[in-house]
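The chain contents come next:
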Amino acid sequence: MIGDPRFWRSGALSATTVMVAVLVILSIDTLRAIRAGGRNVPAYTVINRRIGYAMDAATNRYRPVLGGEELLFGRRYSAQEAAELIERGKLVIQTRACLDCHTMFGIGAYYAPDLTKSWLDPIWPSWQAMTQASSREEAMVRFLQNPDRYPIGIRIMPNLRIDRADAEALVAYLKWLSSIETNGFPARFGD
Amino acid sequence: MIYRSQQLALRYFAASMLLFGVMIAAGLLTSLYYLRVGFLLDVFHFSTAKILHIDTLVLWLLMGFLGSVYWFLPLELEREVEWIGLAQKAFWIFVGTVAAVAATLSFVQYGGTSAASLWLINQGRKYVEAPRWACVLIAAVLVLFGVNVVATALRARRMTGILAVLIADLIPLIVLFLNAFSAEPNMSKDLFWWWWLIHLWVEATWEVFIGCVLAWSLLHLLGASRAIVESWLYVEVAMVLGTGILGLGHHYFWIGTPSYWLGIGGFFSALEPLPLLGMVIHAIYDAGAHRHQILNRPAFAWLLAEAFGNFLGAGVWGFMMTLPQINLFAHGTQWTASHSHFAFWGAYGCAVISVIYLVLQKIRAGRGDFESQAWKWAFALLNIGLVGMSSALLIAGMAQAFYERAIGGSTFQAFLTAQANRWMTEGLQARVLFGLVFTLGYFVLLYDFWKIGKGRRAPETTLRKEASG
Ligand code: HEM
Ligand code: HEM
Ligand SMILES: [Fe+2]
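Note that this is a predicted model, so its numbers are computed, not measured.

When the charged atoms of two side chains lie near each other, side chains of opposite charge can form a pair. One pass over the full model with this rule turns up 25 salt bridges over all chains. A salt bridge links A:Glu168 to A:Arg164, with the nearest nitrogen and oxygen atoms 2.9 Å apart. Placement of both A:Glu168 and A:Arg164 in helix α5 (residues 164-177) is noted, with a separation of four residues, approximately one turn of the helix. Its relative accessible area of 11% is what places A:Glu168 among the buried residues. Note that B:Glu404 and B:Arg405 form a salt bridge whose closest N and O atoms lie 3.2 Å from each other. Judged by relative accessible area, B:Arg405 falls into the buried class, the value being 2%. The structure contains a network of salt bridges with shared partners spanning A:Arg75, A:Glu138, A:Arg142, A:Arg164 and A:Glu168.

All names here are of chain B. The iron ion (ligand 3) binds to the protein through His199 (ND1), Glu203 (OE), His250 (NE2) and His251 (NE2), with metal-donor distances spanning 2.1 to 2.2 Å. Classification of the site at the iron ion (ligand 3) rests on its four donor atoms, whose angles at the metal span 83 to 146°, yielding the label irregular. Here the donor residues of the iron ion (ligand 3) are spaced in sequence according to H-x3-E-x46-H-H. The iron atom of ligand 2 is placed at 4.2 Å from the iron ion (ligand 3). Here glutamate 203, found in helix α7 (residues 187-222), pairs with histidine 251, found in the loop between α8 (226-247) and α9 (260-271); they are 48 residues apart in sequence, far enough to count as distant.

So, about the interface of chain A and chain B. Listed by partner, the interface residues are 82 residues for chain A and 85 residues for chain B. Buried surface at the junction of chain A and chain B, both sides included, amounts to about 7,000 Å², of which 67% is carbon and sulfur. A per-residue breakdown of the area chain A buries against chain B is headed by A:Gln94, A:Asp100 and A:Tyr110, which together make up 11% of the total. Joining chain A to chain B, the criterion identifies one salt bridge. Secondary-structure elements contributing two or more residues to the side of chain A that touches chain B are α1 (5-34), α2 (79-95), β4 (107-108) and α5 of chain A. Top contributing element to the side of chain A that touches chain B by residue count: α1(A), with 18 residues. Broken down by class, the residue content of the side of chain A that touches chain B amounts to 48 nonpolar, 15 polar and 19 charged.

Taken together, 29 residues are adjacent to ligand 2, and B:Lys126, B:Tyr127, B:His331, B:Thr336 and B:His339 come closest. Neighbouring residues of ligand 2 are not confined to one chain but are distributed across chains A and B. Backbone polar atom of B:Gly332 to an oxygen atom of ligand 2: 2.8 Å apart, as the coordinates give it. When atoms are counted within 2 Å of each cavity's grid points, the one that captures over half of ligand 2 is the largest cavity. It is helix α13 (residues 334-363) of chain B that contributes the most residues to the shell around ligand 2, seven residues altogether. Here the shell around ligand 2 is built from residues that sort into 12 nonpolar, 13 polar and four charged.

Right, let's get into empty space enclosed by the protein. All names here are of chain B. Across all of its chains, the model carries 11 cavities of 30 Å³ or more by this definition. Approximately 730 Å³ is the volume attributed to the largest cavity. Each residue belonging to the lining of the largest cavity can be placed in one class, and the counts come to 18 nonpolar, 16 polar and four charged. In this structure, the second largest cavity spans a volume of roughly 620 Å³. Around the second largest cavity sit 34 residues that line it, and Gly27, His53, His341, Met389 and Arg431 are the ones nearest its centre. Sorting the residues of the lining of the second largest cavity by element identifies α1 (4-32), α2 (46-77), α13, α14 (374-407) and α16 (422-451) as the ones contributing at least two each. Residue composition of the lining of the second largest cavity, by class: 21 nonpolar, 10 polar and three charged. The two domains that each donate at least three residues to the lining of the second largest cavity are domain 1 (1-158) and domain 2 (319-469).

Conventions adopted
Residues numbered from 1 in each chain as written. Chains lettered and ligands numbered in written order. Predicted model: local features only at pLDDT ≥ 70, side-chain atom pairs only at ≥ 80, totals over all residues. Heavy atoms only, no water. Salt bridge = Lys/Arg side-chain N within 4 Å of Asp/Glu carboxyl O. Helix = DSSP H or I, 4+ residues; strand = E, 2+ residues; numbered from the N terminus. Buried < 20%, exposed > 50% of the residue type's maximum accessible area, 1.4 Å probe, protein only. Donors = N, O, S within 2.8 Å, 3.2 Å for Na, K, Ca; no water. Tetrahedral: all angles 85-135°; square planar, octahedral: opposite > 155°, others 65-115°. Contact = heavy atoms within 4.5 Å. Buried area = accessible area lost by both parts, 1.4 Å probe. Nonpolar A, V, L, I, M, F, W, Y, C, P; charged D, E, K, R; others polar. Near = heavy atom within 4 Å. Polar contact = N/O pair within 3.5 Å; in protein donor to acceptor, adjacent residues only side chain to side chain. 1 Å grid on protein atoms, 1.4 Å probe; cavity = no way out; pocket = protein on both sides within 12 Å on 5 of 7 lines; lining within 4 Å. Sits in = over half its atoms within 2 Å of the grid points. Points joined across faces, edges and corners; volume = space filled by probe spheres on them. Domains from an automatic or database assignment.

Now the structure itself:
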């Protein structure tokens, strides 16, 4: 029997079929969990709220902590406005190929820092002083528009012709990104 | 040479090797940004160099794959490939598209905030950054390729085991490429589908594809028995897809996807090295069984390099970082780059080179021994260069995992601290040195492709006639 290729062919077919079936079932559940407003990914209006990241004793993992209202650029975005802003932010990210230098969720290139929790990075207070900005989001906007004026140590980000509206969309994107449940990555962030 | 399809194969191999050279040049350039602060700042971005490097990587391998099938298919079915005239035109469309994309990326680099930029300039999604218009044409070339294969089999009214696996594999391989057009705003969803393309290409459909090509190589190189080769192919398919499909979960640990992927992805991907080990055993077994029939030593050496490289680079290097407890720290570091280089080279680069040697011997048969000093030098330089590069990146990556991820908590400051670490800086310097060794190997390889098997004492004039005829 095992000398007959057809025996092995049936094995290949059944292994593949079973695995594809399981993958499809899991994918249906996963896609539900990761839609904006799903179990793991907050709705885009989360940009109107305070976001934190802390060790969760119950799961023994770092997890996002969603707090009360904390407006971005002093505005309260409606669901529609927030969605448009995020969509624009993603378009800036793709057209400027951010992930060919940086990573998000650890995926991209390794030339520049990971941006998963960049909204929460402890560096911003000192950058606020350096850019003479009135807030964290304002400091981020100023940096993104003229990054080559503010070298970060041994790496300098090039100027990507990002205008004010683009920069605001990016900041909103990064704020939303930091609210996503990522199973504890990155660990010990900001400790 | 008999079949037009095989002439097309030669053109694909030539284009593939040329692009391989472009990829190496772009890789060397990319590696220099790490050594000098402000290198080409605001002139030519790191991102552009890196895009050129990884997109040409995908394309030279795809061209090598197409060439391999256009070579073997008419032999398998003993007839000309259907619609070969169209396929010959498609080749020039493919080449023209790639050249236009390279020019756009080099001179325009990126566009403004509009959908038009995605269509015309840069889509900014890793490995598939090429603008949409180009992806449309590449998809069309791939579809035509699939049609060529299916139509020829139908016309011949014949089906072999290898061919059936190939056809079944081409469908998901081509369908997955459709993800190259996505502009999904939600990053979690975007990456969820993107991994179907990346992982299910390199760890499933490409792996099966190359299994088919190597099965043909074994038949032609060693005269192995078809029943045994086909049984092996089925076993391999069962194990590769049995572990690799759910192994997809090792990319769903941290992108917003539910936590059940930690267990599922960790478990199944940890089994992925098994089929690769199986291939090593198979190769050694065949080498022993057919020791006296090996007339093409370079092709066989590269075939063995493929088996070992696939197992080490993909299997062992992948396994090292595939359990979530380790991946939490190793994820997205130079460690990843170490594995990427070793795996792509071992699994696919070596295979394409092996097939090219096999083909060269067939077209130059009877004109002197198929032997040279140069192939050994190329073999040694390329593999030492690559393994050296991967080892340097592994050391840099482990330092990065430790200082940036584990101790530093992955903040901007932790990133900078890790980049300044000596293991890191020296590792990245060593990478460039080994990259130069690799580059030297590339040129020796080209020289050998040009020379080998042409007969050392043949006068210059006949050589030219042979090359053009
Ligand atoms: C002269 C030889 C080479 C040099 C100097 C080189 C250098 C580089 C550099 C600097 C990067 C960017 C990594 C980053 O994001 O920081 C890269 C990425 C990459 N290279 Fe190469 N490379 C070379 C050859 C190759 C070869 C032969 C292959 C495959 C066959 C390859 C496949 C890749 C892949 C897959 C990536 C993406 C890795 C990832 O992001 O994980 N490279 N290479
Ligand atoms: C031919 C086979 C393979 C190729 C060409 C390959 C290539 C790659 C590439 C290019 C990446 C980086 C993706 C990115 O972020 O851009 C990657 C990541 C990864 N691969 Fe593979 N791989 C192969 C097989 C395997 C196998 C068999 C395993 C496990 C046993 C494995 C485990 C991993 C893991 C865990 C990652 C994620 C790294 C991270 O978290 O940063 N790979 N692979
Ligand atoms: Fe994978």
